Protein chains: 2
Amino acid sequence: MSRTLEYTVSHSLTAAQCNAQRELAPAQLVQQLIEAATCHADSLDFGFRRLQSLGILWVLSRISFKMDRYPQVFETYSITTWVESFNRHFSERNYMISGADGQPIGYAHTVWMAIDLRSRRPADLSVLGDLNRLICDRPCPVGKGALIRRPENPDRVNPYTFQVSDIDCNRHVNSARYVELVINQMELAIFDRNLLHHFEIAYKHEARFGDSVTVESQTEGETVTTAIMAGDTPACLARYTLTPRTPEPCGSCL
Amino acid sequence: MSRTLEYTVSHSLTAAQCNAQRELAPAQLVQQLIEAATCHADSLDFGFRRLQSLGILWVLSRISFKMDRYPQVFETYSITTWVESFNRHFSERNYMISGADGQPIGYAHTVWMAIDLRSRRPADLSVLGDLNRLICDRPCPVGKGALIRRPENPDRVNPYTFQVSDIDCNRHVNSARYVELVINQMELAIFDRNLLHHFEIAYKHEARFGDSVTVESQTEGETVTTAIMAGDTPACLARYTLTPRTPEPCGSCL
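**Q** What's the story with the interface of chain A and chain B in this structure? I'm lost.
**A** Put simply, an interface is often sized by how much accessible area is lost when its parts join up. Residue-level contacts link 35 residues of chain A with 35 residues of chain B. Overall, the association of chain A and chain B removes approximately 3200 Å² of surface from exposure, summing both partners, and the carbon and sulfur fraction of that is 54%. Contact with chain B buries surface across chain A, with A:Val164, A:Cys169 and A:Arg171 losing the most and accounting together for 20% of the total. Inspection of the chain A/chain B interface yields four salt bridges. For the salt bridge of A:Arg171 with B:Asp192, the shortest nitrogen-to-oxygen distance reads 2.5 Å. If you look at where chain A meets chain B, you find 18 residue pairs in polar contact (both at pLDDT 80 or more). Counting residues per element, the ones that place at least two in the side of chain A that touches chain B are helix H1 (26-43), helix H2 (48-53), helix H3 (175-183) and helix H4 (188-193) of chain A. Counted by class, the side of chain A that touches chain B contains 15 nonpolar, 11 polar and nine charged residues.

Listed below in structure tokens is the structure:
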């Protein structure tokens, strides 16, 4: 396994994998960002396996990505990732997504928190020694972003109960599933006409199988804010911008 | 691209991909069976791309799989597929799933129907010439199976409306999503204690974004039958058997 400060993985988008717009679905992108991080961290020996042996777990705290376009059906695209920073409890990680021609089509930024497997409280990464040698100073145009607030006047409110297929290997709701739940508050035609240009999600509290939540969404201009609320506690807070597709809606390819 | 009668693809199950039992999720298996078929058919020039140029589409009509166990987290497993038969409208395709040690852990059988892209009626595959040269006589212990009937006395009935994330590149509900919808009728603990050993699903009528369905399930001994009904029309009919996990429930690994 290579031990380099940047890690690149290639994917090819099959017809069976793509969404209704014949593109990589945003939740699938999130899944692949998580996987790229996992593989890279494992290759540098600070991944899930090593941390598990120390009773520590990496938990995704925040994702922000900006896409000028999404990979299209049959396109071979790549994801490159590198670590921006470490501190005692957190690590920031960046990504570049490139199209078939090698040109960047988007960037992403993630924040990961180390927690104690048993207590679920923040863990101390200093047991891993000096991690600063793993930092790469390559710049990324997408950063952590501003605080996301619960919508004050939601225009859509829907209930949801987490199901078998939503649960991940840690018995919590899968990070990518929250992204689907956020997006599923909208009509399909919205995504035919608009590109999900900038998407941010902050994971606040872990939800489990059978938990019932209320999904509150509010649209203001091009920006939609969605809160997944377990009672008065946010499980997730998300914010995204929709920009009209040019030159014409994706529906024309159908 | 190789042009052989058998096609094998390897996968490695990452922590981010696996389900609550730390195994390959059945819906993800179905997705990978579809992808393997797509890649193999493309390599032999009777896949989606060639058929699309003729105004024809492959539609999955039925899947049946039997798994002695599922691939586990971090396991590298492989899927081998081959064509069992062709006739004017249908093709049958088989699969073997092998674990990290190369030994078979399960088999699958699928039925694909060719339909006209515009009329959505059965298409004539004879325009592709003699396809019998693509048949492989390798045996498969899983076959098409018996008719699946709508439950007469369902013990669980739940409504569902198809969402943005359920829709595939043909603007219909994704085949793997139906599998999740079937499985989501059960409690998570059922799958901790039992292996989804044999699973069969027949795709009857295409559903679209916003369609509302009723999901009816009936358990008889180890067998569960589930119908996804759009009014009185079945969208899907599924049947599966749950066998107790031995030596102990999967929950112990958590």
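**Q** It is not clear to me how the sheet that holds strand S5 (residues 104-116) of chain B should be interpreted in this structure. Could you clarify?
**A** What holds strands together in a sheet is hydrogen bonding between their backbones, with the strands either parallel or antiparallel. Residue and element names in this part refer to chain B. Read from one edge of the open sheet, 10 strands run S1-S3-S4-S5-S2-S7-S10-S9-S8-S6, paired in antiparallel fashion. Only two strands of the sheet have a single partner each, and these edge strands are strand S1 (6-12) and strand S6 (156-161). Between one strand axis and the next, the sheet turns through 20° on average, direction left out of account. The sheet contact formed by strand S2 (residues 56-67) and strand S7 (residues 194-203) spans five bridges and is antiparallel. Counted as the bridge partner of Ser64 is Glu200 from S7.

**Q** In this structure, what is going on with the pattern of salt bridges? I would like to understand it.
**A** Any two side chains of opposite charge can pair if their charged atoms end up close together. Residues and elements named next belong to chain B. Counted under the stated rule, the structure contains 28 salt bridges over all chains. For Arg245, the salt bridge is made with Glu23, and the minimal N-O distance between the two is 2.7 Å. One end of the pair, Arg245, is in the segment after strand S10 (233-244); the other, Glu23, is in the loop between S1 and helix H1 (26-43), with 222 residues separating them in the sequence. Residue classification places Arg245 among the buried positions, given a relative accessible area of 17%. Here Arg120 and Glu206 are joined by a salt bridge, their closest N and O atoms 2.9 Å apart. Separated by 86 residues along the polypeptide, Arg120 in the loop between S5 and S6 and Glu206 in the loop between S7 and strand S8 (212-220) bring together distant segments of the chain.

**Q** How should I be thinking about the sheet that holds strand S7 (residues 194-203) of chain A in this particular structure?
**A** Residues and elements named next belong to chain A. In spatial order, the strands read S1-S3-S4-S5-S2-S7-S10-S9-S8-S6; together these 10 strands make up an open sheet with antiparallel pairing. Each having just a single partner strand, strand S1 (6-12) and strand S6 (156-161) make up the two edges of the open sheet. Between one strand axis and the next, the sheet turns through 20° on average, direction left out of account. Relative to strand S10 (residues 233-244), strand S9 (residues 223-230) runs antiparallel, the two sharing eight bridges. Residue pairing in the sheet places Thr225 in a bridge with Arg239 of S10. Sitting on the sheet, H3 touches strand S2 (56-67), S6, S7, strand S8 (212-220), S9 and S10, and the angle it makes with S7 is about 130°.

**Q** How do you make sense of the side chain of A:Asn194 when you look at a structure like this?
**A** All names here are of chain A. Tracing the chain through its elements places Asn194 in strand S7. Exposure remark for Asn194: the relative accessible area of 14% places this residue in the buried category. With sequence-adjacent residues up to four places away left out, Asn194 is seen in contact with Leu242, Thr243, Pro244 and Arg245.

**Q** How should the environment of A:Pro141 be read in this particular structure?
**A** Residue and element names in this part refer to chain A. Structurally, Pro141 is set in the loop between strand S5 (104-116) and S6. Its relative accessible area of 56% is what places Pro141 among the exposed residues. Expressed as a C-alpha distance, the spacing of Pro141 and Phe65, which sit 76 residues apart in the sequence, is 9.8 Å.

Procedures and definitions
Residues numbered from 1 in each chain as written. Chains lettered and ligands numbered in written order. Predicted model: local features only at pLDDT ≥ 70, side-chain atom pairs only at ≥ 80, totals over all residues. Heavy atoms only, no water. Contact = heavy atoms within 4.5 Å. Buried area = accessible area lost by both parts, 1.4 Å probe. Salt bridge = Lys/Arg side-chain N within 4 Å of Asp/Glu carboxyl O. Polar contact = N/O pair within 3.5 Å; in protein donor to acceptor, adjacent residues only side chain to side chain. Helix = DSSP H or I, 4+ residues; strand = E, 2+ residues; numbered from the N terminus. Nonpolar A, V, L, I, M, F, W, Y, C, P; charged D, E, K, R; others polar. Pairing = 2+ DSSP bridges. Axes fitted to C-alpha atoms, helices over the stretch in contact; angles between N-to-C directions. Buried < 20%, exposed > 50% of the residue type's maximum accessible area, 1.4 Å probe, protein only.

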